Protein chains: 2
Amino acid sequence: MTVNIVGSGNVATHLAKALSEKGFEIKGVLSRAKEHAQSLACEVRAVAVDSVADMPQADLTLVAVPDDAICGVAKAIHSAGVTGVVAHTSGATSVDALRPIAHRGVLYPCMTFSKNDRIDLRRCPFLVEAADADSLDALKSVACAIGSGATECDSDGRARLHLAAVLASNFTNHMLLMAQRAMTQAGLPFDLLRPLVEQTIAKAFTMSPFDAQTGPARRNDAKTMERHRELIGGDMRLRGLYDALTASIIKTYGNG
Amino acid sequence: MTVNIVGSGNVATHLAKALSEKGFEIKGVLSRAKEHAQSLACEVRAVAVDSVADMPQADLTLVAVPDDAICGVAKAIHSAGVTGVVAHTSGATSVDALRPIAHRGVLYPCMTFSKNDRIDLRRCPFLVEAADADSLDALKSVACAIGSGATECDSDGRARLHLAAVLASNFTNHMLLMAQRAMTQAGLPFDLLRPLVEQTIAKAFTMSPFDAQTGPARRNDAKTMERHRELIGGDMRLRGLYDALTASIIKTYGNG
């Protein structure tokens, strides 16, 4: 199967490299950021182009651009008469953003990508959706080749999964930033918390987060929470987060 | 080294088992919950007692009881003329809660414990503190024998670490509960998120949480956040958490 990549950001880069490593032939990399496109194209032995009209023919065109840009790219691809399956990679965007392309679909990696991070996509599940059965089969086979597998999911389900991913990944990371700051204030290395955090995640996925909850809010231990608020002092942002999370945990266990 | 355990909850149980496995002789298990004490004492081949006066002599007495109970236990231990080092295992409690015991200290495992979870304490760092050098040495050697090592830390530093642990573990787990609920609404298995969450943690500890942050709040992507708020709908608790975390991330990156 031959593939075109539209975009040259984190998702485009990680997917293009994984596809290339798995033996897919990347034909073209299209990006307005010509330098990024050139550098990615070079890595995956493809042609860099900055206009849809110059894009080579391919069985699959993956649109990995910011959500807002998907509609515009789709219209340009349709006008240029591009054939094959066209799929975007966004969690929060409906497959219909690719209309009027007939063979439209979605290949969404449920993962967080940063520049220069190493990531093993073989552990990454993909959510797939398509407007027709052949496109769906093509996307499933790509997902199985580079990821841990394909889960069929419509655009509404994927939007909810995207919300869940924000809660589980983006918000979790932000709590770790707050924790890192508290460790700095304690004069202790952030790494001391790593085994605790890894055990927390392991417990949540083996026991369920409801059963795995521990801590002062779970026990409604007012004295310890008061001591924490003293340590937080005038840091109103952290205080706001502490109070919101604490109140939600107390409410969850109905011991307020 | 011989050890007495006061308490029979999660921390007492995990520590007693780890000590016993590492060849420490557990002499007595003291708990008001006689049945729990009996069952734990049986597992670690110790005597179960329900009064400080009946506690055998030991080199180290570990007080793993609720924070509120530490002072009372310390007074009883002192009155009974117990010898050896006495250490509590609380993150949020000062070593001085054990006064007037002379050889007092703290052996705090930076970990989350639940009933029936399997845990490898060899990856668990311990925070240690003591009123005298010999007690400190004893606690360090215990920490190194059953855990990944000992980090010296005074009661103020440990209180800040305890706050950091609540942010990094308890609050993270609660976000996973919210994510699990969103996955249920999407009709998708919670386990789909596990590789994403594990990668999030790995990135935070290798790159730093500040650099690892991704997602709509990081980009200040108003359209996606609006779509999330529509999905959250009338769930005011989740809405409160979503708004608080989102505002904090936007503020952190100064692109609001």
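Here is a short report on the structure shown in this document.

Here is what the cut-offs are and how they apply
Residues numbered from 1 in each chain as written. Chains lettered and ligands numbered in written order. Predicted model: local features only at pLDDT ≥ 70, side-chain atom pairs only at ≥ 80, totals over all residues. Heavy atoms only, no water. Pairing = 2+ DSSP bridges. Helix = DSSP H or I, 4+ residues; strand = E, 2+ residues; numbered from the N terminus. Axes fitted to C-alpha atoms, helices over the stretch in contact; angles between N-to-C directions. Contact = heavy atoms within 4.5 Å. Buried area = accessible area lost by both parts, 1.4 Å probe. Polar contact = N/O pair within 3.5 Å; in protein donor to acceptor, adjacent residues only side chain to side chain. Least-squares fit on C-alpha atoms with pLDDT ≥ 70 in both. Parallel < 35°, antiparallel > 145°, perpendicular 65-115°, else oblique. Left-handed = near helix turned anticlockwise from the far one by under 90°. Nonpolar A, V, L, I, M, F, W, Y, C, P; charged D, E, K, R; others polar. Core = buried A, V, L, I, M, F, W, Y, C linked by side-chain atoms within 4.5 Å. Buried < 20%, exposed > 50% of the residue type's maximum accessible area, 1.4 Å probe, protein only. Phe/Tyr/Trp six-rings, centres within 6.5 Å; stacked < 30°, edge-to-face > 60°. Expected span 1.5 Å × (residues − 1).

**Notes on the sheet that holds strand 5 (residues 85-88) of chain B**
Residues and elements named next belong to chain B. With respect to topology, eight strands assemble into an open sheet ordered 3-2-1-4-5-6-7-8, the strand pairing being mixed. Pairing within the sheet leaves two strands with one partner each, and these edge strands are strand 3 (47-49) and strand 8 (149-152). Neighbour-to-neighbour, the strand axes of the sheet open up by a mean angle of 25 degrees, direction not taken into account. Here helix 1 (residues 10-21) sits on the sheet and contacts strand 1 (2-6), strand 2 (25-30), strand 4 (60-63), strand 6 (104-109) and strand 7 (125-130); the angle it forms with strand 1, its principal contact strand, is near 165 degrees.

**Section: the interface of chain B and chain A**
In this assembly, 92 residues from chain B lie in contact with 92 residues from chain A. Carbon and sulfur atoms make up 69% of the area that chain B and chain A hide from each other, which totals about 8,500 Å². Put simply, chain B and chain A have 28 residue pairs in polar contact (both at pLDDT 80 or more) between them. Every element with two or more residues in the side of chain B that touches chain A is listed here: strand 7, helix 5 (155-186), helix 6 (194-207), helix 7 (209-212), helix 9 (222-232) and helix 10 (236-252) of chain B.

**Regarding the environment of Asn220 of chain B**
Within the secondary structure, Asn220 of chain B sits in the loop between helix 8 (216-219) and helix 9. Residues Asn220 of chain B and Val6 of chain B lie 214 residues apart in sequence; the distance between their C-alpha atoms is 51 Å.

**Comments concerning the relation of the copies chain B and chain A**
Superposing chain B onto chain A takes a rotation of 180 degrees combined with a translation of 0.0 Å along the rotation axis, leaving an RMSD of 0.0 Å. The transformation relating the two chain copies, once decomposed into turn and shift, fits a two-fold axis. Across chain B, the rotation axis passes nearest the C-alpha of Thr172 of chain B, at a separation of 2.7 Å. In this assembly, 100% of the residues forming the interface of chain B have copies in chain A that are likewise at the interface, indicating an isologous arrangement.

**Re the sheet that holds strand 8 (residues 149-152) of chain A**
Residue and element names in this part refer to chain A. Here we have eight strands laid out as an open sheet, ordered 3-2-1-4-5-6-7-8, and mixed in their pairing. Two strands in the sheet have a free side with no partner beyond their single neighbour: strand 3 (47-49) and strand 8. When the angles between neighbouring strand axes are averaged without regard to direction, this sheet yields 25 degrees. As paired elements, strand 1 (residues 2-6) and strand 4 (residues 60-63) share four bridges and run parallel to each other. Looking at strand 4, one finds that Ile5 is bridged to Leu62. Packing against the sheet, helix 2 (residues 34-43) makes contact with strand 2 (25-30) and strand 3, and its axis sits at approximately 165 degrees to strand 3. On top of the sheet, helix 5 (residues 155-186) reaches strand 5 (85-88), strand 6 (104-109) and strand 7 (125-130); it is set at about 20 degrees to strand 6, its chief contact.

**Some details on the packing of helix 10 (residues 236-252) of chain A against helix 10 of chain B**
Contact geometry of helix 10 of chain A with helix 10 of chain B gives a least axis separation of 10 Å together with a crossing angle of 160 degrees. Accordingly, the angle class assigned to the pair helix 10 of chain A and helix 10 of chain B is roughly antiparallel. Classified by chirality, the crossing of helix 10 of chain B by helix 10 of chain A is left-handed. In this structure, helix 10 of chain A uses Arg237, Leu241, Ala244, Leu245, Ser248, Lys251 and Thr252 of chain A to contact helix 10 of chain B, whose residues at the interface are Arg237, Leu241, Ala244, Leu245, Ser248, Lys251 and Thr252 of chain B. Partitioning the contact of helix 10 of chain A with helix 10 of chain B into residue classes produces six nonpolar, four polar and four charged.

**Some details on the nonpolar core**
It is characteristic of soluble globular proteins that their nonpolar side chains tend to be buried jointly. Grouped together as the largest cluster of nonpolar side chains are 84 residues, with contacts concentrated most on Leu167 and Leu193 of chain A together with Leu167 and Leu193 of chain B. Not counting the four nearest positions on each side in its chain, Leu167 of chain A is found in contact with Thr172 of chain A together with Met175, Met178, Ala179, Leu238 and Tyr242 of chain B. Judged by nonpolar contacts, the second largest core, of 35 residues, contains Ile5, Ala41, Val85 and Ile146 of chain B.

**A few points about the packing of aromatic side chains**
One pass over the full model with this rule turns up six aromatic pairs over all chains. Both rings, one in Phe171 of chain A and one in Tyr242 of chain B, keep their centres 5.5 Å apart while their planes meet at 55 degrees; by these two values the pair is tilted. Remark: Tyr242 of chain B occurs in helix 10 and Phe171 of chain A occurs in helix 5; the pair is interchain, linking two chains. Each of the two residues, Phe171 of chain A as well as Tyr242 of chain B, counts as buried.

**Brief notes about helix 1 (residues 10-21) of chain A**
Residues and elements named next belong to chain A. In a regular helix each residue adds 1.5 Å, so twelve residues correspond to 16 Å; helix 1 covers 17 Å between its end C-alpha atoms and thus fits that length. The set of residues buried in helix 1 consists of Ala12, Thr13, His14, Leu15, Ala16, Ala18, Leu19 and Ser20. Buried-residue contacts for helix 1 involve strand 1, strand 2, helix 2, strand 4, strand 7 and helix 4 (133-146). One or two steps after helix 1, the chain reaches Gly23, where phi turns positive at roughly 95 degrees.

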